[in-house]
Amino acid sequence: MTDAQPGRPTENAMRRALKRARDGVALDTAEAAVLLQARGEQLRDLSASAARVRDAGLEAAGRPGVITYSKKVFIPLTRLCRDRCHYCTFVTVPGKLRREGHGMYLSPDEVVEVARQGAALGCKEALFTLGDRPEDRWPEAREWLDAHGYDDTLAYVRAMAIRVLEETGLLPHLNPGVMSWTDLQRLKPVAPSLGMMLETTATRLWSEPGGPHHGSPDKEPAVRLRVLEDAGRSNVPFTTGVLIGIGESYEERADALFQLRRIQRQYQSIQEVIVQNFRAKPNTAMRATPDAELEELAACIAVARHILGPAARIQAPPNLVDAEYALIVGAGIDDWGGVSPLTPDHVNPERPWPHIDQLAERTRESGFELRERLTVYPEFIARGEPWLDPRLLPHVRALADPETGLAREDALPEGLPWQEPDEGFTATGRTDLHRTIDTEGRTGDRRADFDAVYGDWEALREQAAPGMVPQRIDSDVREALAQAADDPTRLSDDQALALLHADGPALDALCSIADDLRRATVGDEVTYIVTRNINFTNVCYTGCRFCAFAQRRTDADAYTLSLDQVADRAAQAWEVGATEVCMQGGIHPDLPGTAYFDIARAVKERVPGMHVHAFSPMEVVNGASRTGLSIRDWLTAAKEAGLDSIPGTAAEILDDEVRWVLTKGKLPAADWIEVVRTAHELGLRSSSTMMYGHVDQPRHWLGHFRTLAAIQQETGGFTEFVTLPFIHTNAPVYLAGIARPGPTTRDNRAVTAMARVLLHPHITNIQTSWVKLGAEGAAEMLRSGANDLGGTLMEETISRMAGSRYGSYRSIEDLRAIATLAGRPARPRTTLYGEVPAERVAAAEASDGHLPELLPLAD
């Protein structure tokens, strides 16, 4: 069914579009919609040009004349679903399952038995298919999960994927429906690939009564596009596709293909695109809807090939093509998808799989060789990190041909342990970087995979452009200043924006108001803490585009500390009067989720009195996803291991419009908020931060401040707000010509002053950064509403790698001197802004100024 079509395109429009396709000229949506209607001779013309594009891509991939497939078993983990798609026969209801003698979910033994039988037949993929979050609709599903000890369906999916890996060696491919960013982090370590069909971008088919997706919350196109984007941000090899003939127009069909191209261009994460034709099924609301014709399918495949290009892998299910193999091969596919010698297609049970020998013969008749691949495509195996979790590498390597990345067809899968890499905490690389960054500097201004790890720079440039346009401000600054002085809690958003844009005498007046408010709230004393930063590794593949600290494991500046080295540095810090260690690191793929517990425990065992301020919300989510624990359970375990508080870093700007320009794979704003709220509920207090001066605007700062104030009113868990001016010099997003060269002095003063005004009276401590601003700059911020200088640090690698010029250490005398520049006294504090024990004060005073001699740490 293809409703609401305006009629066939004109012959002239078709001729023009076909010529552009033949000439390899980029198509627009209107031209693609015309070509989707090619039939007969016009379709043969279109298919011929699409096939040439496909053949060029196979040649470039090193497998000319090869069409691939995956030998799989189909594991229908549950047929319950919270959605109500009007064409689906896979989904059922609890009562029917009970009448047929089935459980709400396949049992673990049933899952493993299917996988074992498949392994014996040489299958290498275990395709997990299931309904979306059935526990949200069906109490029976919730009861089953509770009875078997699983928090949700995805926890069961994860557990069964591990069992299949360990007991059979098959590689799981997971299709659990819509997944959040956090869900993707949970599932990536247990499956080489994941998938979810986009199906369509026609929102009306979801929003309008009678539409095929009406009443199905997970079928909203915007939701499904967000999943594809999050998969790209998370470096997940991802399978997706379109379902044609469910009521979409040709323009809407073309739009879906262009959306897939956009996401692929930005993230290079889509490993295959399935073009699937609608087939009506009995006992469904759409049983009378005509099937999508095979020429319609062929036209869509050919147009997809032209839009997605030679590097795309395009698939059509062979059991849905009515033996018209030559038509489909000729249209430009290069893959037949998964074919099972054991299990039926549970989504299309009336359509049996072709025998593999028959499929090979029909493929050969079209001039191609049929070759078996794994669930993860060869290109992603070749990319390695960060696309494949280290815990999956042994399983993939056992089945992959080392030269081609395709399947070793003679290999029979065998179960292998799913376990953390052996390396663990082994000291490697440039472990003296904390010292030599100040003397020798960094090896180069960018990491070796600069052009790949951050996504497509040109696409990012287009994405960033709208957010870099300043907003016109019409509010009266004088009125806003008067309101800020009288009662800052009553500032409207328009007034706050006017003040965030203030300059000249208005900015001076704002800073004076903020300074008066600071004096009335916390007094004149400038606080500081004797602390040591310990960045235990800089190996990271998250792809934060503002970060110059992260390195590949093979880069010259990469390093990882051992647990003993971490504990040694904490002990050194204690000897010279420190009360805190602040510990953060890159998201190293080899470090297990329990590594953070080991780090906290190592410090506490060596220095029981040290306050452990550690692990950003991004690290918390990483630890939780790797261990399979909830955020709450993971934080509880970390607290038991010795964690005392967490840094509120990884916030950057709590607006995803900005975050997805700044970072490829870091946690979304909502997940950051969830982590800090949960930490506060558990008694783990945190700082709060904002990094500004890159691709952001004052409207983003305002939203960030409002969010932090709301959290603080709810939890009271923030100890301070820390201003983090963007250091641009070596930041990838600046080197790529996208970000501004950091904030101006005006920006720094306005942000500091408005932090004091907008966070009052909820967050009372406002910290400025001597590392990023230097002594004079920090003193100016102390005159603009700030009351805290942060710490002595002793070592500071992150800002220095980015290009900060102000060193890695300030003595107590230095920090007091900055306070004196601002005309203020200074005193030490603890992490929670309490009084420092006299013994700690004496130790710090006795060692002050001698600290650098301790920094070269013997390995």
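Just so you know, these numbers come straight off a predicted model, no measurement behind them. (Residues numbered from 1 in each chain as written. Predicted model: local features only at pLDDT ≥ 70, side-chain atom pairs only at ≥ 80, totals over all residues. Heavy atoms only, no water.)

**Student:** How should the overall build of the protein be read in this particular structure?
**Tutor:** Across its full length, the protein holds 35 helices and 21 strands. Compactness check: the protein gives a C-alpha radius of gyration of 29 Å against a globular reference of 29 Å for 859 residues, within 12% of the reference. Based on the C-alpha atoms only, the size of the protein along its principal axes is roughly 85 × 60 × 55 Å. Considering the protein as a whole, with its 859 residues, one finds that 63% of them fall into the buried category. Total accessible area computed for the protein in this model is approximately 30400 Å², and 50% of it derives from carbon and sulfur atoms. Between the centroid of the 94 positive side chains of the protein and the centroid of its 122 negative side chains there is a distance of 2 Å. (Helix = DSSP H or I, 4+ residues; strand = E, 2+ residues; numbered from the N terminus. Rg over C-alpha atoms; globule rule 2.2 N^0.38 Å. Buried < 20%, exposed > 50% of the residue type's maximum accessible area, 1.4 Å probe, protein only. Areas by Shrake-Rupley, 256 points an atom, 1.4 Å probe, with all protein chains shown as cover. Lys, Arg positive; Asp, Glu negative; His and termini not counted. Charge placed at Lys NZ, Arg CZ, Asp CG, Glu CD.)

**Student:** What am I meant to see in the packing of helix 10 (residues 221–233) against helix 11 (residues 250–267) here?
**Tutor:** Working note: a packed helix pair is described by the angle between its axes plus the distance between those axes. In contact at an axis separation of 9 Å, helix 10 and helix 11 are set at 15° when each is read in the N-to-C sense. It follows that helix 10 is roughly parallel to helix 11 by the angle criterion. For the pair helix 10 and helix 11, the sense of crossing is right-handed. Where helix 10 abuts helix 11, its residues Leu225, Leu228, Glu229, Gly232 and Arg233 lie against Gln259, Leu260, Arg262, Ile263 and Tyr267. Residues of the contact of helix 10 with helix 11, tallied by class, amount to five nonpolar, two polar and three charged. (Axes fitted to C-alpha atoms, helices over the stretch in contact; angles between N-to-C directions. Parallel < 35°, antiparallel > 145°, perpendicular 65-115°, else oblique. Left-handed = near helix turned anticlockwise from the far one by under 90°. Contact = heavy atoms within 4.5 Å. Nonpolar A, V, L, I, M, F, W, Y, C, P; charged D, E, K, R; others polar.)

**Student:** Explanation requested: the pairing of strand 11 (residues 526–529) in the structure shown.
**Tutor:** The side chains of a regular strand alternate between both faces of the sheet. Going residue by residue along strand 11, you find Val526 and Tyr528 tucked away on one face and Thr527 and Ile529 tucked away on the opposite face as well. Here three bridges tie strand 11 to strand 21 (residues 826–828), and the two strands are oriented parallel to one another. Each residue of the ladder has a partner; that of Val526, found in strand 21, is Ala826. (Pairing = 2+ DSSP bridges.)

**Student:** Even after reading the chapter, I still don't get the nonpolar core, so can you show me in this structure?
**Tutor:** Note that soluble globular proteins tend to have their nonpolar side chains buried in a common cluster. Counting residues in hydrophobic clusters, the biggest one holds 132 residues, and the most contacted among them are Met583, Trp672, Phe705 and Met754. Ranked by residue count, the leading element in this core is helix 31 (residues 745–759), at eight residues. Leu36, Leu228, Ala256 and Phe380 belong to the second-largest nonpolar core, a separate cluster that totals 121 residues. (Core = buried A, V, L, I, M, F, W, Y, C linked by side-chain atoms within 4.5 Å.)

**Student:** What should I look at first to understand the confidence of the model for the protein in this one?
**Tutor:** Do not read the predicted coordinates in detail wherever pLDDT is low. The share of residues in the protein with pLDDT of 70 or more is 94%, and the mean pLDDT across the chain is 92. Counting interchain partners and residues more than four positions distant, the pLDDT-below-50 stretch residues 852–859 has 14 contacts. (pLDDT = per-residue confidence, 0-100.)

**Student:** Even after reading the chapter, I still don't get empty space enclosed by the protein, so can you show me in this structure?
**Tutor:** It is the rolling of a water-molecule-sized probe over the atoms that shows where space remains empty. What the rule picks out here adds up to six cavities of 30 Å³ or more. Elements represented by at least two residues in the lining of the second largest cavity include exactly helix 8 (181–187) and helix 25 (617–627). It is helix 25 that contributes the most residues to the lining of the second largest cavity, five residues altogether. Residues belonging to the lining of the second largest cavity are distributed by class as follows: ten nonpolar, eight polar and five charged. (1 Å grid on protein atoms, 1.4 Å probe; cavity = no way out; pocket = protein on both sides within 12 Å on 5 of 7 lines; lining within 4 Å. Points joined across faces, edges and corners; volume = space filled by probe spheres on them.)

**Student:** What is the right way to look at helix 3 (residues 40–61) in this model?
**Tutor:** One full turn of an α-helix is made of 3.6 residues, so residues set three or four places apart face in the same direction. Between its first and last C-alpha, helix 3 extends 31 Å over 22 residues, near the 32 Å set by a 1.5 Å rise per residue. Within the sequence span of helix 3, burial applies to Gln42, Leu43, Leu46, Ser47, Ser49, Ala50, Ala51, Arg54, Gly57 and Leu58. Residues of helix 3 that are buried in the fold lie against helix 1 (11–22), helix 2 (29–35), strand 1 (66–78), helix 12 (294–308) and helix 13 (325–331). Directly beyond the C-terminal end of helix 3, a positive phi value near 85° is found at Gly62. (Expected span 1.5 Å × (residues − 1).)

**Student:** Would you mind going over the packing of helix 22 (residues 504–522) against helix 31 with me for this structure?
**Tutor:** For the pair helix 22 and helix 31, interaxial distance at closest approach is 9 Å and the crossing angle is 40°. It follows that helix 22 is oblique to helix 31 by the angle criterion. Between helix 22 and helix 31 lies a crossing of left-handed hand. Here Leu507, Asp508, Leu510, Cys511, Ala514, Leu517, Arg518, Thr521 and Val522 of helix 22 come into contact with helix 31, specifically with Arg746, Arg749, Ala750, Ala753, Met754, Arg756 and Val757. For the contact of helix 22 with helix 31, a count of residues per class yields ten nonpolar, one polar and five charged.

**Student:** Got a minute to help me understand the packing of aromatic side chains in this structure?
**Tutor:** The description of two aromatic rings rests on the distance between their centres and on the angle between their planes. Applying the stated rule across the entire model yields 17 aromatic pairs. Relative to Trp336, the ring of Tyr325 has its centre 5.5 Å away and its plane inclined at 85°; by these criteria the two rings are edge-to-face. In this pair, Tyr325 is assigned in helix 13 and Trp336 in strand 8 (residues 335–339), connecting sequence segments eleven residues apart. By the burial criterion, Tyr325 is buried, and Trp336 matches it. An aromatic cluster of at least three residues, connected via ring pairs, comprises Phe536, Tyr596, Phe597, Phe615 and Trp634. The side chain of Arg383 reaches across the aromatic face of Phe380, ending 4.2 Å from its centre. The residue whose ring lies beneath Arg829 is Tyr833, and the NZ or CZ to ring-centre distance is 4.0 Å. (Phe/Tyr/Trp six-rings, centres within 6.5 Å; stacked < 30°, edge-to-face > 60°. Lys NZ or Arg CZ within 6 Å of the ring centre and 35° of its normal.)

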